[in-house]
Amino acid sequence: DSYETILVETRGRVGWITLNRPEALNALNTQIMRDVVAAASAFDADESIGAIVLTGSERAFAAGADIKEMESKSGLEMIMGDHFGEWARFAALRTPVIAAVSGYALGGGCELAMMCDIILAADTAKFGQPEINLGVIPGMGGSQRLIRAVGYYKAAELVLTGRMMDAAEAERSGLVSRVVPAADLLSEASKTAETIASKSLPSVYAAKAALDAAMETSLAEGLRFERHAFAALFDTADQKEGMSAFREKRSPDFQNR
Ligand code: HXC
């Protein structure tokens, strides 16, 4: 497992991925995309992993797609090379991913955070979609996921002006799950990930899939999906264990079955 642009570590049932291109504030080039998608997919395929944390450095989660790599490309090259297409695999992981954001999460960096399920922000975090300053627009979901997170008017202002928002504004707007002091970011991410990883994995997969459905379907379809996913969990041993543990006033011992 040797990756050029990320650090990968397993701590108990939590998989950690740290973006590591400090010379470019973790700008997302093709290599880092391949590394992150490969490492995350390997965690996703591993039943002993119940949650993933994705983080960057103190100074930057990621300052966007790599401008120097993109600059000279033609439209045709962007289309034929399916530039950025692999990130769709990251967004489709079944395992919950926590983005632990410190410093800049700009452009593709903000978009990558929004492909995660929970965004924990250090009080130093800064979010934005500055692509308009480069003569382009968001290309990895910024114009779509940001609206779902913060509503049309906040998203429109950010996408059209390129303005950054600080962690407090991002939390008020609903973009981040929770803001914590910078010094506590990784320990809070760890606690949150361990909490999720202590649950029954089939129920965690179902919960993530139902949440995803809410972002993508009508209410009626989403409710139907939820009802079926809820019912299906009654065929797991963990549902019986979870409910008998409640009745017997003890902690459940989940087997991911
Ligand atoms: C390539 C980048 C980069 C990026 C920073 N660097 N962001 N390289 N792509 N997105 C490099 C700088 O060139 C510099 O290297 C080094 O990282 C440190 O950055 P500085 O600018 O010197 O740091 P600072 O003055 O502190 O400013 C930080 C910053 C600024 C405000 C975050 O770097 C910045 O504005 N970056 C670009 C942000 C942006 O526009 N992102 C959107 C990209 S487009 P050198 O070697 O030059 O000193 C995008 C599209 C997504 O994301 C959609 C894809 C489909």
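Residues numbered from 1 in each chain as written. Predicted model: local features only at pLDDT ≥ 70, side-chain atom pairs only at ≥ 80, totals over all residues. Heavy atoms only, no water.

Inclusion rule: UniProt positions are given in the numbering used here, feature names are shortened, and annotations may be inferred rather than shown by experiment.
Per an unreviewed UniProt entry, the recorded name for the protein is Probable enoyl-CoA hydratase echA8, and the organism is Microbacterium pygmaeum. Taken directly from UniProt, the Sequence similarities (unreviewed entry) text for the protein runs: "Belongs to the enoyl-CoA hydratase/isomerase family." Checking UniProt for the protein, the heading Function (unreviewed entry) contains the comment "Could possibly oxidize fatty acids using specific components."

## Quick word on the pairing of strand β1 (residues 6-11)
The condition is simple: A strand pair is defined by DSSP finding two or more bridges across the two strands. The secondary structure listing takes helices from DSSP runs of H or I that are at least 4 residues long and strands from runs of E that are at least 2 residues long, numbered from the N terminus.
Here six bridges tie β1 to strand β2 (residues 14-19), and the two strands are oriented antiparallel to one another. Each bridged residue has a counterpart across the sheet, and for Ile6 the counterpart in β2 is Leu19. Connecting β1 to the next strand, β2, in antiparallel fashion are two residues, including Gly12 with a positive phi near 60°.

## Focus: the sheet that holds β1
Going by this rule: Each axis is a line fitted through C-alpha atoms, and for a helix only the stretch in contact is used; angles between axes span 0 to 180 degrees, taken between their N-to-C directions.
The six strands are arranged β1-β2-β3-β5-β7-β10 in an open sheet whose pairing can be described as mixed. Whereas interior strands pair on both sides, the edge strands pair on one side only; in this sheet they are β1 and β10 (178-180). Going from strand to strand, the sheet's axes swing by 20° on average, the running direction of each strand aside.

## A word on the environment of Glu69
Stated precisely, the cut-off is as follows: Whether two residues are in contact is decided by their heavy atoms: any pair within 4.5 Å suffices.
Mapping Glu69 onto the fold places it in helix α2 (residues 67-70). Sequence spacing of Glu69 and Ala207 is 138 residues, and the spatial spacing of their C-alpha atoms is 37 Å. Excluding residues that lie within four positions of it along the chain, Glu69 makes contacts with Asn29, Thr30 and His83.

## Quick notes on the nonpolar core
Short version of the rule: Grouping buried Ala, Val, Leu, Ile, Met, Phe, Trp, Tyr and Cys residues that are joined through side-chain atoms within 4.5 Å yields what is termed a nonpolar core. The cut-offs for exposure are 20% and 50% of the maximum accessible area for each residue type, with area from a 1.4 Å probe on protein chains only; residues under the lower value are buried, those over the upper are exposed, and the others partly exposed.
Core analysis: the largest hydrophobic core is formed by 47 residues, its most contacted members being Trp87, Phe90, Phe127 and Leu175. Counting residues per element, this core draws most heavily on helix α1 (residues 30-44), which supplies seven residues. Non-local contacts of Phe90, meaning those with residues more than four positions away in its chain, are made with Val36, Val37, Ala40, Leu54, Val97, Leu112, Met115 and Cys116.

## Here's the deal with helix α9 (residues 185-197)
Inclusion rule: What a helix is expected to span follows from its residue count: subtract one and scale by 1.5 Å.
If you check α9, its first and last C-alpha atoms are 18 Å apart, about what 13 residues at 1.5 Å a residue would give, namely 18 Å. Buried within α9 are the following residues: Leu185, Glu188, Ala189, Ser190, Thr192, Ala193, Ile196 and Ala197. The elements touched by buried residues of α9 are β2, β3 (51-55), β5 (97-101), β7 (118-122), β10 and α10 (201-216).

## Description of the site of the ligand
The test is simple: Near is defined per residue: the residue qualifies when any heavy atom it owns lies within 4 Å of the molecule or strand. In protein, a polar contact requires one atom able to donate a hydrogen and another able to accept it; more generally it is a pair of N or O atoms within 3.5 Å, and residues adjacent in sequence count only if both atoms are side-chain atoms. Per-residue and other accessible areas were derived by the Shrake-Rupley procedure at a 1.4 Å probe size, with only the shown protein chains allowed to occlude residues.
Looking at the ligand, there are 23 residues lining it, with Arg59, Ala63, Ala65, Phe84 and Gly108 nearest. Within the backbone of Glu23, an N or O atom sits 3.5 Å from an oxygen atom of the ligand. Contact with the protein chains removes 67% of the 1000 Å² of surface that the ligand exposes when unbound. Within the residue set of the shell around the ligand, elements represented by two or more residues are α2, β6 (104-106) and α5 (108-114).

## Section: the side chain of Asn256
Of note, Asn256 is situated in the segment after α12 (237-247). A relative accessible area of 15% means that Asn256 is categorised as buried. At a separation of 2.8 Å, a polar atom in the side chain of Asn256 contacts the main-chain amide nitrogen of Leu201. Other than its neighbours up to four places away in sequence, Asn256 contacts Arg13, Glu47, Lys199, Ser200, Leu201, Pro202 and Asp238.

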